[in-house]
Amino acid sequence: RRARMGGISGKRSHPAMKTWARAGSTCEIAGDVLTKTRGGNYNRLATTEETMAAGVHEWEVTLTAGATANQSLALYIGVARENLDVEKGGYSKRGDGWYIRANDGGLWGGGLESADSQGTRAFVIGDRVGVRLDTGDGSLRFFKNGVAFGAGFPAGSIGGPVVAAAELVCPGQCITLVRGAALG
């Protein structure tokens, strides 16, 4: 019973997530592609429109490009509370966002900062970062190229409703939503 980006599986119906809907002014949305196009090295939030309050939801993004200056993938992928100010970021430190950071696989949110880090270059350009949110038990798991990755946030960590979210940090960073996520 999972709602998947771009498709539905299981017997219970969940609306399929569409695409990026909101992003800070230093970011550009072009369909499924989200790019930080300008500004300094500071977090800017982007979210989908669909609120996730019930069920199991899965989606993936492809890490399309790193920062223009140095190919850095210090960016965050996960979930955030709905209706946050997209001109800001750092929501994991405020208790409003739960993410994996792509460059080291560290968990951010719920009082964690770079917890369960998987080392430098945990993800590289071209990798897919998958997310599975179970609103029933409040857990959030992450995947690398379809395979479970790291510990994730255990049951009781996430209280909804939330939206799919990313925080891009450096100009040039680009991620693309993947339709029909198939997470292990």
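How each quantity is defined
Residues numbered from 1 in each chain as written. Predicted model: local features only at pLDDT ≥ 70, side-chain atom pairs only at ≥ 80, totals over all residues. Heavy atoms only, no water. Buried < 20%, exposed > 50% of the residue type's maximum accessible area, 1.4 Å probe, protein only. Helix = DSSP H or I, 4+ residues; strand = E, 2+ residues; numbered from the N terminus. Pairing = 2+ DSSP bridges. Phe/Tyr/Trp six-rings, centres within 6.5 Å; stacked < 30°, edge-to-face > 60°. Lys NZ or Arg CZ within 6 Å of the ring centre and 35° of its normal.

## Here we look at the pairing of strand β7 (residues 56–65)
Step number 1: Most of β7 is tucked away: seven of the 10 residues are buried.
Step number 2: Sheet topology places β7 next to strand β12 (residues 128–134); seven bridges connect them, and they run antiparallel. Note on β12: the bridge partner recorded for V61 is V129.
Step number 3: Summarising the sheet, β7 and strand β16 (residues 174–178) pair through five bridges and their orientation is antiparallel. Looking at the pairing, E60 lines up with V178 of β16.

## Side note on the pairing of strand β4 (residues 27–30)
Consecutive residues of a regular strand have side chains that alternate between opposite faces of the sheet.
Step number 1: Where β4 and strand β5 (residues 33–36) come together, four bridges link them in antiparallel fashion. Across the sheet, A30 pairs through a bridge with V33, a residue of β5.

## Examining the packing of aromatic side chains
The description of an aromatic ring pair uses the distance of the two centres, along with the angle that the planes make with each other.
Step number 1: The tally for this structure, following the rule as stated, stands at four aromatic pairs.
Step number 2: An aromatic cluster is defined as three or more aromatic residues linked by ring pairs; in this entry it consists of Y76, Y99 and W108.
Step number 3: In this structure, R94 is placed above the aromatic ring of Y91, and the distance from its NZ or CZ to the ring centre is 5.1 Å.
Step number 4: Geometry around F123 places K144 over its ring, the cationic atom sitting 5.6 Å from the centre.

So yeah, pure geometry; function would need other evidence.
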